[in-house]
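Okay, here's what each chain looks like letter by letter:
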Amino acid sequence: MLLESSCAPAIRLAPGDVKTVGRATIADIAVDEPSLSRLHARVRVDAGGAVTIEDLGSTNGVFVNGTKRAVAAVRAGDTVRLGALEYRAAADEGTAVEALLSTSREIMACGDLQALLDRVLDRLKAILTPDRSAILLIDRATGTLRPRSVRPAGAYGTVSEFASSTAVRESLASCEVLVVDDASADARLRDAVSVMQAGVRSTLCVPLMGRAGAIGALYADRTELREPFAPEQIEYASAFAAQAAAALETAQLYDDREQHFRLTLETLAKAIDARDRYTAGHSERVTAYTLVLARTMKLPDADLDVLRRAGMLHDIGKVGVPDAVLLKAGPLDAAQRLIIEAHVTIGFEMLRGLPFVQDALPSIRGHHERWDGRGYPDKRAGDGIHLHARIMAVADSFDAMTSARPYRNALPLDEAARRLRANAGTQFDATVVQAFDQAEAELRSMVQS
């Protein structure tokens, strides 16, 4: 951040800086100006680039955009007055260039699409200092624009909640940056209800151009109380967008490839289930039961996504189990049991080299471990078993008990529930069984449907 004045030295601040301004020589920024107090104000920049200014009990006050403030956030374009001295806040070119270079290094090393979107938007925040911002991507199947990363995080879900979709599409169609200094006077934004309700004054939309055309847009705006985006900020936004577009296009290709690969693996898992008519649909049911238990335990959405992948793939290692063992109509002997138990390690070894299933591996390998340490393959016990595996163990056993087998009929639901409770604290994590108790009505309805 740079505070520039026509009649005083500029104040340059980098992330992490804390500087005092005043007339005294002990001030970090000493200015020989009678209207300043000895220690007039303190300016602070946090690690993310956010700037605040604090009045240190001065006689003539600290004013930001004409309003006297004890403490205030300062953004590029703001006017700051200390006594009779007036400063204008601007993005420091050195800071902006460093942010651009840092982002370039980071995005080239980032393969996760959502993490990349969030990282680019957070980097831009320090330079643009918008009130709202988003990266919108074009769905290649439908052509619709969808916000994929937004700030404030999670606040908006559609293009119309940010701006006139016509204006955004105009920027994309022309492949040019769209800048509006006064939204109330611009026909493209005048009828955008969300823009008017939010009191938006200025907007900026930068197209994200891939090799084959537009892939999305960067959108940012400021409210009526703020100055429009400065020309240098628009230039930096364009530079960021050019860097980000190349990385995002590559990340999208990887994301698509991983989705296709995941679907292929899930199809293989379903095919393995279908080898035995008694277990057809087992992976889908275990996934559904696991998600019910996880939601009941209030696990975050990120964990649910992991459990969804793990549930569909948890028995994929049965591809390495011979039909003579997998489809045997009666109980297994000791040697055959060792073969069937190997499916968890076979599945683990099959998938361990795939980056997009790394977080699913603990439950793929560990869903047959027991709370008392008598399970397999690693004989882990208690909290030494990954929580995801402990949840899936209950779901897997519930489906096994409530499904028919060649050597027995499906157990009644009451009996299956009784066995889960009876084995809480020995075979199963008692906390997961408590979640089963809370969700039992929902789980019963899923079995009976």
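What you see is a predicted model; the values in this text were computed from it and never measured. All chains use their own residue numbering, which begins from 1 and follows the written sequence. The model is predicted, so local features are restricted to residues of pLDDT at least 70 and side-chain atom pairs to those at 80 or more, both for listing and for counting; the totals for chains, interfaces and linings are taken over all residues. To get the side-chain values, all heavy atoms of the structure are used, and hydrogens and water are removed first.

## Considerations on the overall build of the protein
Then step 1. Counting secondary structure elements, the protein contains 15 helices and 16 strands.
Then step 2. The proportion of buried residues among the 449 residues of the protein is 47%.
Then step 3. Here the analysis covers contacts within the protein between residues at least 6 apart in sequence; of these, 55% occur between residues at least 24 apart.
Then step 4. Only the protein chains shown count as covering a residue, and every accessible area follows the Shrake-Rupley method with a 1.4 Å probe. Working note: accessible area of the protein is about 20,900 Å², and carbon and sulfur atoms make up 52% of it. Secondary structure elements are taken from DSSP: a helix is a run of H or I of four residues or more, a strand is a run of E of two residues or more, and numbering for both begins at the N terminus. Only protein chains enter the area calculation, which uses a 1.4 Å probe; residues under 20% of their type maximum are buried, those over 50% are exposed, and those in between are partly exposed. Residues count as neighbours in contact if any of their non-hydrogen atoms are within 4.5 Å of one another.

## Notes on the pattern of salt bridges
A side chain of one charge can pair with a side chain of the opposite charge when the charged atoms of the two come close.
Then step 1. Salt bridge, as applied in this entry: a Lys or Arg side-chain nitrogen positioned within 4 Å of an Asp or Glu carboxyl oxygen. One pass over the structure, following the stated rule, counts 19 salt bridges.
Then step 2. Among the ionic pairs, D305 bridges to R308, the shortest N-O distance being 3.0 Å. Residue D305 and its partner R308 are located together in helix α8 (residues 301-313), separated by three residues, close to a single helical turn.
Then step 3. With a relative accessible area of 39%, D305 lands in the partly exposed category.

## Quick look at the nonpolar core
Then step 1. The nonpolar core is taken to be a set of buried Ala, Val, Leu, Ile, Met, Phe, Trp, Tyr and Cys residues, with the residues joined through side-chain atoms within 4.5 Å. Within the largest apolar cluster, 40 residues are counted, with the highest numbers of intra-cluster contacts made by L293, L351, V394, F398, L420, F436 and L443.
Then step 2. The set of elements that each furnish at least two residues to this core consists of α7 (282-296), α8, α11 (343-351), α12 (361-366), α13 (387-401), α14 (413-422) and α15 (430-448).
Then step 3. Per element, the largest residue contribution to this core is seven residues, and it comes from α13.
Then step 4. Filtering out sequence-adjacent residues up to four positions away, F398 remains in contact with Y289, L413, A416, L420, F436, L443 and V447.
Then step 5. Residues L117, L121, Y236 and A244 belong to the second largest nonpolar core, which totals 23 residues.

## Digging into α14
Then step 1. Turning to α14, its buried residues number three or more, namely L413, A416, A417 and L420. Along the axis of α14, the buried residues cluster in a sector spanning 95°; they form a single face. Those residues of α14 that are exposed and angled more than 90 degrees off the buried face are D414 and A422. Throughout, the arc means that of the directions going from the helix axis to the C-beta atoms.

## Re the sheet that holds strand β10 (residues 79-82)
Then step 1. Strand order in the open sheet formed by six strands is β2-β1-β11-β10-β7-β8, with antiparallel pairing between adjacent strands. Here the strands that pair on one side only, and so sit at the sheet edges, are β2 (11-12) and β8 (67-68).
Then step 2. One requirement defines pairing of two strands: DSSP has to find at least two bridges between them. In this sheet, β10 lies alongside strand β7 (residues 62-64) in antiparallel orientation, the contact comprising three bridges. Counterpart to V62 in the pairing with β10 is L82.

## Describing the packing of aromatic side chains
Then step 1. Geometry of aromatic contacts follows a simple scheme: Phe, Tyr and Trp rings, the Trp one being its six-membered ring, pair when their centres are within 6.5 Å, and the pair is stacked under 30 degrees between planes, edge-to-face over 60, tilted otherwise. Counted according to the given criterion, the structure contains two aromatic pairs.
Then step 2. With a centroid separation of 5.3 Å and an interplanar angle of 70°, the aromatic rings of Y289 and F398 are classed as edge-to-face. Within this pair, whereas Y289 is found in helix α7, its partner F398 is found in helix α13, the two being separated by 109 residues in sequence.
Then step 3. Overall, Y289 belongs to the buried group, its relative accessible area being 3%.
Then step 4. Aromatic side chains F398 and F436 sit 5.2 Å apart centroid to centroid with 65° between the ring planes, which places their arrangement in the edge-to-face category. One end of the pair, F398, is in helix α13; the other, F436, is in helix α15, and 38 residues separate them in sequence.

## Things to note about the side chain of T203
Then step 1. Within the element layout of this structure, T203 appears in strand β15 (residues 200-210).
Then step 2. Non-local contacts of T203, meaning those with residues more than four positions away in its chain, are made with L178, V179, V180, L189, Y219, A220, D221 and F229.

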